[in-house]
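Each chain is listed here by its residues.
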Amino acid sequence: MPNQDQGFTLIELLITLTVLDILLAIAIPTFSSTLESVRQRTLVNQLLADLNFARSRAITTRRPVSMCAGSAGCDDQAMWSGQVLIFDDLDANGTIGEDDLTLRTTAVTAGHSWKWRNFRQQRHMTFKPDGTTHSLNGTFILCRQEMPVRKIVINITGRTRLAPPTADDLCT
């Protein structure tokens, strides 16, 4: 006659829980770094899409289109955090005026920011009607807790490329 008592002993249950605990201790830090990497790639792709949108809009409408950081208007900051605004910049001054139309607003994840560096030291990014930049060449550096993690380089023609951050790329 087969044994009717089926189940786990206390020792078997403790061993199973210990093995599960060890596996979770190994997996959770890896998962956290993977999640942060995905968040960074999303922010890079989001800014690339915004840059391409602004450039395309400037070319198709034959009007300047600008980008800046701010909630209702441009904050005049080199560190872009919170929101990125894209707008028709009819007077080409890099600020949202009465006649300028806000085209898109994109959120930047908390704990991250973009450092905008360019040769003219402008706090905004403007595409001219021919798709070239107003700021000559420039660099967007993705910062996390004041550490550079990713970089987008934009040339005067408005084309972008990804590059790893260097020792010269500071987030302060």
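Residues numbered from 1 in each chain as written. Predicted model: local features only at pLDDT ≥ 70, side-chain atom pairs only at ≥ 80, totals over all residues. Heavy atoms only, no water.

J.: When you look at the overall build of the protein chain in this model, what are you seeing that I'm missing?
T.: If you tally the helices and strands in the protein chain, you get one helix and nine strands. In the protein chain, the succession of helices and strands from N to C terminus is α-β-β-β-β-β-β-β-β-β. Expressed as lengths along the three principal axes of its C-alpha atoms, the size of the protein chain is roughly 90 × 35 × 25 Å. The buried share of the protein chain, reckoned over its 172 residues, is 33%. (Helix = DSSP H or I, 4+ residues; strand = E, 2+ residues; numbered from the N terminus. Buried < 20%, exposed > 50% of the residue type's maximum accessible area, 1.4 Å probe, protein only.)

J.: Looking at this structure, I do not really get the pattern of salt bridges. What am I missing?
T.: Pairs can form between side chains of opposite charge once their charged atoms are near each other. The final tally for this structure, using the stated rule, is seven salt bridges. With a shortest N-O distance of 3.0 Å, Arg 39 and Glu 36 are connected by a salt bridge. Placement of both Arg 39 and Glu 36 in helix H1 (residues 10-61) is noted, with a separation of three residues, approximately one turn of the helix. According to the relative accessible area criterion, Arg 39 is partly exposed, its value standing at 32%. Here Glu 36 falls in the buried class, since its relative accessible area comes to 11%. Two residues, Asp 88 and Arg 63, come together in a salt bridge whose shortest N-O distance is 3.5 Å. One end of the pair, Asp 88, is in strand E3 (residues 83-88); the other, Arg 63, is in the loop between H1 and strand E1 (65-69), with 25 residues separating them in the sequence. Given a relative accessible area of 31%, Arg 63 falls into the partly exposed group. (Salt bridge = Lys/Arg side-chain N within 4 Å of Asp/Glu carboxyl O.)

J.: Would you take a moment to explain the sheet that holds strand E4 (residues 102-107) for this structure?
T.: Strands pair in a sheet through their backbones, by hydrogen bonds, and they do so in one of two ways: parallel or antiparallel. Read across the sheet, four strands follow the order E4-E3-E1-E6 without closing on themselves; strand pairing throughout is antiparallel. Looking at the sheet topology across the chains shown, the edges are occupied by E4 and strand E6 (125-127). Here the average twist between neighbouring strands, direction ignored, is 15°. The pairing of E1 with E6 spans three bridges and is classified as antiparallel. Across the sheet, the residue bridging to Val 65 is Phe 127, located in E6. Where H1 meets the sheet, it contacts E1, E3, E4 and E6, and its direction lies at approximately 170° from that of E4. (Pairing = 2+ DSSP bridges. Axes fitted to C-alpha atoms, helices over the stretch in contact; angles between N-to-C directions. Contact = heavy atoms within 4.5 Å.)

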